[in-house]
Amino acid sequence: MIGGLFIYNHKGEVLISRVYRDDIGRNAVDAFRVNVIHARQQVRSPVTNIARTSFFHVKRSNIWLAAVTKQNVNAAMVFEFLYKMCDVMTAYFGKISEENIKNNFVLIYELLDEILDFGYPQNSETGALKTFITQTGIKSQSKEEQSQITSQVTGQIGWRREGIKYRRNELFLDVLESVNLLMSPQGQVLSAHVSGRVVMKSYLSGMPECKFGMNDKIVIDKQGKGGEGATGQSIAIDDCTFHQCVRLSKFDAERSISFIPPDGECELMRYRTTKDIILPFRVIPLVREVGRTKLEVKVVIKSNFKPSLLAQKIEVRIPTPLNTSGVQVICMKGKAKYKASENAIVWKIKRMAGMKESQISAEIELLPTNDKKKWARPPISMNFEVPFAPSGLKVRYLKVFEPKLNYSDHDVIKWVRYIGRSGIYETRC
Amino acid sequence: MPAVSKGDGMRGLAVFISDIRNCKSKEAEIKRINKELANIRSKFKGDKALDGYSKKKYVCKLLFIFLLGHDIDFGHMEAVNLLSSNKYTEKQIGYLFISVLVNSNSDLISLINNAIKNDLSSRNPTFMNLALHCIANVGSREMAEAFAAEVPRILVAGDTMDSVKQSAALCLLRLNRTSPDLVLMGEWTARVVHLLNDQHLGVVTAATSLITTLAQKSPEDFKTSVSLAVARLSRIVSSASTDLQDYTYYFVAAPWLSVKLLRLLQCYPPPEDGAIRGRLTECLETILNKAQEPPKSKKVQHSNAKNAVLFEAISLIIHHDSEPTLLVRACNQLGQFLQHRETNLRYLALESMCTLASSEFSHEAVKTHIETVINALKSERDVSVRQRAVDLLYAMCDRSNAKQIVAEMLSYLETADYSIREEIVLKVAILAEKYAVDYTWYVDTILNLIRFAGDYVSDEVWYRVIQIVINRDEVQGYAAKTVFEALQAPACHENLVKVGGYILGEFGNLIAGDSRSSPLIQFDLLHSKFHLCSVPTRALLLSAYIKFINLFPEVKGTIQEVLRSDSQLRNADVELQQRAVEYLRLSSIASTDILATVLEEMPPFPERESSILAKLKRKKGPGNLHPDLDENRKERSANGGTADHSSTTSNAKSSPLSFVGDLLAPASTAPPTNRPRPVSSSYLLQAPLTPIPLQASAVPVLLSAGPLFQVAASPTPSTDLLGLGSTITTQNSAPPASKGTSLLVDVFSENIAAFPVETPVAVGPVADENFSRFVCKNNGVLYENQLLQIGLKSEFRQNLGRMYVFFGNKTSTQFMNFAASVVCQDTLQAQLNVHAKPADPTVDGGAQLQQILNIECMSDFVDAPVLNIQFRYGGTLQNVAVKLPITLNKFFQPTEMTSQDFFQRWKQLGAPQQEVQKIFKAKHSMDTEVTKAKIMGFGAALLDGVDPNPSNFVGAGVIHTKTTQVGCLLRLEPNTQAQMYRLTLRTSRDTVSQRLCDLLSEQF
């Protein structure tokens, strides 16, 4: 159970301090600052144990969020909570920054009181929270409204209140994926996986019952026996987690995803795949050492998707040795620059169509040092954004049923979008 | 950063530093640094040569980046280049970079050394200073090797500037610290000592530091410095405060130099020359006088400087410990400081007084301040000062004021800080015991101690009370009464219950006559505490109950009822359950006679030094030598100069002395800190108890065997009825049966082995009681304890031998990490070659492990090799060391010869050193056949009919060693009337004769 929660700025000054349990003393605040924020070496572990007290921290830009406990808690739970906390704060006042936190500290304390009770996480659904923690000041509520809030917060469907009405019933579905890759210099895939999320934004009236379908292999196979025949490719999902609104019993039994969505935005599911991943780019590096003081680098990137699609925000980062004293770069497409502060050559291309290739070559001059240790040759990394799902996931349908109100599935306007981004996309050189 | 003069300011550097300071996060800082490093790299790589200024600037930036904690792997060359610059600032930065960044194994070191050499030989004092500072700052062994010869020359050269001399002296001091073996003063010694006469006080100050260190290394060489130091000191002390100009600090003349000189003098005993001695005394008196003068300034620096000199002077006085008047004056001066409002002064005064208290001259003087000290203890705000006050009270305590001091400490204990409580408790316990005039007072004190600070009373303290009460008949009744009264308090500390249980169990009968403390009341009182106690205490109480059954047969029924209750008989704790079962059976089956024998009063404990004192020392830790020191000193003065205990440590058991003397043998359990501690033999004793079923089966044996009862009972926990919990029961687990009677297990000190057999490790306590049995035979059991049995089988031919060693595991548990090795000590190494073949590291329970030793005799020898055995049993590491019976006679080869030959050779070996004769009393019956067997077993051929007297025995043989062969003739003449033997041995080597004679004479 979380004993307390602290928020620090980059200097280690405490912005928010909320202690839930007596076993966390005042000195815990300082202990974290001294041992983690101001530590001589950079602290890379997200969990730090200081004097029998565990500190779990996450960092958002320059802000540190630290949960403290003296007990043996489930670390995954604590981090899940911290991330949720970040989501809630973003939903309330936008970007998490020192300025914003200082401006909203009353609100944050209010939120902390609500989503943690004696260190136990409570309902942290933004939609639900927004009904009774508002930024517009206290407006006197009628008895009816109050009892409604109570029954809603304590009721069976805690994430959606009744009586929502929209003139236009609309629904947005985003499939967001990030593809991770580690490739050997020879082009052999050492590890690759896609972690994706399905985010849904719904503006639907009443209490609609939704059903979501995708090209999950198990489902397709089942249906394949039934009739239609499995024409499209199906994907094998390694593991997935759902939003609390999804009926898990139904998923376990029939593998169908049915739910009553919360109003507004929610993350419907998270999943991970490792098989049959479409790698949008291939990086071919060529590094040649010319004597002790010169290095020649040539990198070719090839795009590997339908020519009609356009990849965006492409950035290739080629690390340079620590004793680089000068760099000359030539590239055909985009812009490339040696960034001394990051010890890397950064090559940026705005747009690139599928089935194309592009190349950069650089000459790196080195300063001879008396250091015997060789340059470790860190991998070349890449960033991009493509308009398809590298895992191959497809949304097959999303049906909406609202028996009480008179609108049907056809009246709902639905939007689906696929975005594939790079996670850690690296090629060794 | 180094100060830079105007116009030479490095703007780029300033901008860079301010950029870094403005960075919002660590990442931003790293980015900025990476950028700067890339810039510097491109500049250094650039084609056009850099001028001195920019080189300096970039090197400076690199230095700054390094100091921020980043790795720098270039720029060293540029820094070395800066060394050869002629500009001061550039050279300075170069040296700075080098002393911070260049490590000793760099390949640039020769270049650097060259530059330093150039600067040292230049006539420019600032350059020389820079070079000397660099040597001192780096201070590596390589630097010492390169410059240890050069620096002293600069130091004593006549034309060196004063400032350079100062630097040279301090540089040499630093080199001496890192590699003292390289700094050899040799012919410079006299001239260095004469630096004390230098005009320039700065040089003198630096030189004094150097000389003090060197004098500690080789006091003889620098003996002459004493007179010079005294002269210098007296000049400073007697000078008017304005004489020394720059070196007068807030009206105190050269305080640093004075302090250093006084320190230097503390390296030596008081000067023997009367004049010098007089002068020194005069100086010290002047310093003491000055302390009395009204301060010349109200500034704190003035009094600090003055007091610094004063305290150093006082420690010199204490160090010399020869001038009673000075000591007393110093003591009075310190007495004044005791009430000073400066906390630091009070602290220092108390600390110095502690050492003063141990001097015989000033002990009385210190005692006069007792009220002040006690006051300090009560009213002082600073805990460290209070701690010192406690130390001082402890140090100044003697028979006359013991009662007062102990009472004060006791009353202070209630309010004392938690951190020092345990120490105070120990001190009170020691003082109470050491200066106890009557033991009733002692008992009262300790009971009070337990009452006030029960949590801090360690086991040693209450063990000790019981030990004393048991050994002193006169206090037993009083103790029982007091304990009984103390137990009546509604809330008692557990330690009090333990003491109460033990004492009432032993001596409850002494107060049973009083109707207010009748047996039943006693029992009820104890039993009312039973449920509040921990398991070990409950176990002790159970033992007390069974003792009650013996003491008061009338309460037997009640006690049996208690023992029979489910909470005892079915207790979840094995120890309690076992005790309850055994005691119940014992009380119902055994007759009163048997009960009376088994449950006899504990016999007196062997007198030994207090384990409390040892504990106090342990608490003080090895870093703090003072308490030991003054303990020793004090003891010397108290005992009128008995042996110095710290040197005669391990076997010093001062049994004839009283408890007080006994207590005073401090070092016996805790050896002096400069020696490695011997591995405690208590490991063996703490070995887990032999398995429970074994004990349980011992009970019926115990109950059926009538006359053997006591002996047989010994392996079970029930003899030591008041056995104090688990440690005790382990100690009495299965010693050899013959030792059953001496089974007064050492309850009180876990550090001392109960059985000498089991103290292995060093050379002394090696087990060798079976050793002599093996002189005349080759096979048998060499060693046995409750865990392990060692058997031997050996054969010898000429100078070679082979020995089979069998290790038997007597327990049912496996021995882990078993290792046996043979150690030949000192000279034996060259004389005897023993090679042990490796054996298994584990020995299963009940199994036997065989190890083969190959032996080769190189030349004749006296000592025997030691077999060291180490293994892990249960959780504890066990050590056993046994003397291996490899003796010189094993390499005997018998030779048959005729009477004529024998006497011819006997005469040839007629030189006086070749013959050894011994006349001794027979230890065994003088049976001819046995004697014959022994001589044959010894290895010699028994020659019949050689000696004209048929009752004499004559033998001959050759000792084979690798290098030589030694012929031996022996003659044994028994005298049956006188029960004496005369043994004569003639061999070609005197050492062999002696050794063989010693070995053989032990056998009859």
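Residues numbered from 1 in each chain as written. Chains lettered and ligands numbered in written order. Predicted model: local features only at pLDDT ≥ 70, side-chain atom pairs only at ≥ 80, totals over all residues. Heavy atoms only, no water.

As annotated in an unreviewed UniProt entry, chain B is AP-2 complex subunit alpha from Oncorhynchus kisutch. Quoted verbatim from the Sequence similarities (unreviewed entry) field of UniProt, the annotation for chain B is "Belongs to the adaptor complexes large subunit family." Note on chain B: under the UniProt heading Subunit (unreviewed entry), the record states "Adaptor protein complex 2 (AP-2) is a heterotetramer composed of two large adaptins (alpha-type subunit AP2A1 or AP2A2 and beta-type subunit AP2B1), a medium adaptin (mu-type subunit AP2M1) and a small adaptin (sigma-type subunit AP2S1)." (UniProt positions renumbered as here; feature names shortened; annotations may be inferred.)

Labelled according to an unreviewed UniProt entry, chain A appears under the name Adaptor related protein complex 2 subunit mu 1, originating from Oncorhynchus kisutch. Taken from UniProt, the Sequence similarities (unreviewed entry) comment for chain A reads in full: "Belongs to the adaptor complexes medium subunit family."

Caption draft 1: Here's a closer look at the overall build of chain A. Looking only at helices and strands, one finds 8 helices and 23 strands in chain A. Looking at chain A residue by residue over its 429 residues, the buried ones come to 46%. A fraction of 70% describes how many contacts in chain A between residues 6 or more apart in sequence connect residues 24 or more apart. Roughly 22,900 Å² of accessible area belongs to chain A as shown, and the carbon and sulfur atoms make up 50% of that amount. (Helix = DSSP H or I, 4+ residues; strand = E, 2+ residues; numbered from the N terminus. Buried < 20%, exposed > 50% of the residue type's maximum accessible area, 1.4 Å probe, protein only. Contact = heavy atoms within 4.5 Å. Areas by Shrake-Rupley, 256 points an atom, 1.4 Å probe, with all protein chains shown as cover.)

Caption draft 2: Inspection of the overall build of chain B at higher detail. From N to C terminus, chain B includes 44 helices and 16 strands. Going through the 1004 residues of chain B one by one, you find that 53% of them count as buried. Surface exposure of chain B reaches about 44,500 Å², of which carbon and sulfur atoms provide 52%.

Caption draft 3: Region of interest: the side chain of B:Glu506. Within the secondary structure, B:Glu506 is located in helix H27 (residues 494–507). Polar side-chain contacts of B:Glu506 include one of 3.0 Å to the side chain of B:Lys547. (Polar contact = N/O pair within 3.5 Å; in protein donor to acceptor, adjacent residues only side chain to side chain.)

Caption draft 4: Structural view of the pairing of strand E3 (residues 47–50) of chain A. Residue and element names in this part refer to chain A. In E3, alternate side chains face the same way, and those of Thr48 and Ile50 are buried while those of Val47 and Asn49 on the opposite face are not. When E3 meets strand E4 (residues 53–60), the two strands line up antiparallel, connected through 4 bridges. Bridge pairing in E4 links asparagine 49 to serine 54. (Pairing = 2+ DSSP bridges.)

Caption draft 5: Broad picture of the interface of chain B and chain A. Contact with chain B, which involves 16 residues of that partner, is made by 23 residues of chain A. In total, about 1,600 Å² of surface goes out of reach between chain B and chain A, with carbon and sulfur atoms giving 48% of it. Contact with chain A buries surface across chain B, with B:Arg41, B:Lys45 and B:Asp73 losing the most and accounting together for 37% of the total. On inspection of chain B and its partner chain A, the count reaches 2 salt bridges. Here chain B and chain A share 6 residue pairs in polar contact (both at pLDDT 80 or more) between them. Ranked by residue count, the leading element in the side of chain B that touches chain A is helix H2 (residues 26–45) of chain B, at 11 residues. The residue inventory of the side of chain B that touches chain A, partitioned by class, reads 4 nonpolar, 4 polar and 8 charged. (Buried area = accessible area lost by both parts, 1.4 Å probe. Salt bridge = Lys/Arg side-chain N within 4 Å of Asp/Glu carboxyl O. Nonpolar A, V, L, I, M, F, W, Y, C, P; charged D, E, K, R; others polar.)

Caption draft 6: Summary view of a nonpolar patch on the surface. Taken together, B:Leu67, B:Leu96 and B:Val100 make up a surface patch of nonpolar side chains, about 230 Å² in accessible area. Relative to the helices and strands, B:Leu96 resides in helix H5 (residues 88–101). (Patch = residues over 30% accessible without salt bridge, like charges linked within 9 Å, V, L, I, M, F, W, Y side chains within 5 Å.)

Caption draft 7: Inspection of the environment of B:Ala136 at higher detail. All names here are of chain B. Inspection of the secondary structure assignment puts alanine 136 in helix H7 (residues 125–138). Relative accessible area serves as the criterion here: at 17%, alanine 136 is assigned to the buried category. In sequence terms alanine 136 and arginine 174 are 38 residues apart; their C-alpha atoms lie 5.8 Å from each other. In this view, alanine 136 contacts Cys171 and Arg174; residues no more than four positions away in its chain are not counted.

Caption draft 8: Fine view of the nonpolar core. Residue and element names in this part refer to chain B. Among the nonpolar cores identified, the biggest contains 192 residues, and Ile116 and Leu449 are the most heavily contacted of them. Leaving out residues up to four positions away in the same chain, isoleucine 116 has contacts with Tyr95, Ala131, Cys134, Ile135, Met143 and Phe147. In terms of nonpolar packing, the next biggest core, distinct from the first, is built from 61 residues, Leu782, Ile790, Leu853 and Phe953 among them. (Core = buried A, V, L, I, M, F, W, Y, C linked by side-chain atoms within 4.5 Å.)

Caption draft 9: Spotlight on the packing of helix H16 (residues 300–320) of chain B against helix H17 (residues 324–337) of chain B. All names here are of chain B. As a packed pair, H16 and H17 sit with axes 10 Å apart at the nearest point and diverge in direction by 140°. The angle between the axes of H16 and H17 places the two elements in the oblique class. Considering only the axes of H16 and H17, their crossing is left-handed. Residues Asn307, Leu310, Phe311, Ile314, Ile317 and Ile318 of H16 pack against Leu326, Leu327, Ala330, Gln333, Leu334 and Phe337 of H17. Along the lines of polarity and charge, the residues of the contact of H16 with H17 split into 10 nonpolar, 2 polar and no charged. (Axes fitted to C-alpha atoms, helices over the stretch in contact; angles between N-to-C directions. Parallel < 35°, antiparallel > 145°, perpendicular 65-115°, else oblique. Left-handed = near helix turned anticlockwise from the far one by under 90°.)

Caption draft 10: Region of interest: the side chain of B:Glu90. Residue and element names in this part refer to chain B. With respect to the helices and strands, the residue glutamate 90 is situated in helix H5. Side-chain polar atoms of glutamate 90 contact the side chain of serine 85, separated by 2.8 Å. Residues within four places of glutamate 90 in sequence aside, it is in contact with Gly52, Tyr53, Lys56, Leu82 and Ser85.

Caption draft 11: Quick peek at the packing of aromatic side chains. Here the structure, examined in full by the defined rule, presents 33 aromatic pairs over all chains. Ring geometry for A:Phe384 against A:Tyr425: centres 4.9 Å apart, planes inclined by 90°, an arrangement best described as edge-to-face. A residue pair is termed long-range when its members are at least 10 positions apart, and A:Phe384 in strand E21 (residues 380–386) and A:Tyr425 in strand E23 (residues 413–427) qualify at 41 residues. The pair A:Phe384 / A:Tyr425 is uniform in exposure class, with both members buried. Relative to B:Tyr58, the ring of B:Phe44 has its centre 6.1 Å away and its plane inclined at 85°; by these criteria the two rings are edge-to-face. Highlighted residues: B:Phe44 in helix H2 and B:Tyr58 in helix H3 (residues 52–67), separated in sequence by 14 residues. The two residues B:Phe44 and B:Tyr58 agree in class, both being buried. Here the aromatic residues A:Phe6, A:Tyr8, A:Phe32, A:Phe55 and A:Trp64 are joined through ring pairs into a cluster of three or more. (Phe/Tyr/Trp six-rings, centres within 6.5 Å; stacked < 30°, edge-to-face > 60°.)

Caption draft 12: Just the sheet that holds strand E1 (residues 4–8) of chain A, in detail. All names here are of chain A. With respect to topology, 5 strands assemble into an open sheet ordered E2-E1-E5-E4-E3, the strand pairing being antiparallel. The strands lining the two open edges of the sheet, one partner per strand, are strand E2 (14–19) and E3. On average, adjacent strands in this sheet sit at an angle of 20° to one another, irrespective of strand direction. Here 7 bridges tie E4 to strand E5 (residues 63–69), and the two strands are oriented antiparallel to one another. Among the inter-strand pairings, arginine 60 is bridged to a residue of E5, identified as isoleucine 63. Here helix H2 (residues 75–93) sits on the sheet in contact with E1, E3, E4 and E5, set at roughly 35° to E4.

Caption draft 13: Region of the structure containing the confidence of the model for chain B. Residues and elements named next belong to chain B. Put simply, chain B has an average pLDDT of 77, and 83% of its residues get 70 or more. Per-element confidence in chain B is highest for helix H14 (residues 255–265), whose mean pLDDT is 92, and lowest for helix H39 (residues 709–713), whose mean pLDDT is 33. With pLDDT under 50 throughout, residues 622–764 is counted as low confidence; its partners more than four residues away or in other chains account for 234 contacts. Across the whole predicted complex the pTM is 0.57, and at the interface the ipTM reaches 0.74. (pLDDT = per-residue confidence, 0-100.)

Caption draft 14: How the structure looks around the sheet that holds strand E22 (residues 395–401) of chain A. Residues and elements named next belong to chain A. The antiparallel open sheet is built from 3 strands, whose spatial order is E12-E10-E22. Each edge of the open sheet carries a strand with a single partner, namely strand E12 (257–259) and E22. Sheet twist, expressed as the mean angle between neighbouring strand axes with direction ignored, is 15°. When strand E10 (residues 209–214) meets E12, the two strands line up antiparallel, connected through 3 bridges. Paired with phenylalanine 212 across the two strands is isoleucine 257, which belongs to E12.

Caption draft 15: Seen up close, helix H44 (residues 990–1001) of chain B. Here H44(B) contains 12 residues, and its C-alpha end-to-end distance of 16 Å stays within 8% of the 16 Å for a straight helix at 1.5 Å per residue. Here the buried face of H44(B) lies against strand E11 (892–894), strand E12 (915–921), helix H43 (928–938), strand E14 (953–960), strand E15 (965–975) and strand E16 (980–987) of chain B. (Expected span 1.5 Å × (residues − 1).)

Caption draft 16: View of the confidence of the model for chain A. All names here are of chain A. In the predicted model, chain A carries a mean pLDDT of 88, and 94% of its residues have values of at least 70. Looking at the elements of chain A, mean pLDDT is at its lowest for helix H6 (residues 143–154), recorded as 69, and at its highest for E21, recorded as 95. Within the model, pLDDT remains below 50 along residues 226–230, and this stretch shows 2 contacts once partners closer than five positions in the same chain are excluded.

Caption draft 17: Spotlight on the packing of helix H22 (residues 402–413) of chain B against helix H23 (residues 418–434) of chain B. Residues and elements named next belong to chain B. Interaxial distance between H22 and H23 falls to 10 Å at its minimum, and their mutual angle equals 155°. When the axis of H22 is compared with that of H23, the two are roughly antiparallel. In the crossing of H22 with H23, the sense of the turn from one axis to the other is left-handed. Of the residues in H23, those touching H22 at Ile405, Val406, Met409, Leu410, Tyr412 and Leu413 are Ile420, Arg421, Ile424, Val425, Lys427, Val428, Leu431 and Ala432. Looking at the contact of H22 with H23 residue by residue, the classes come out as 12 nonpolar, no polar and 2 charged.

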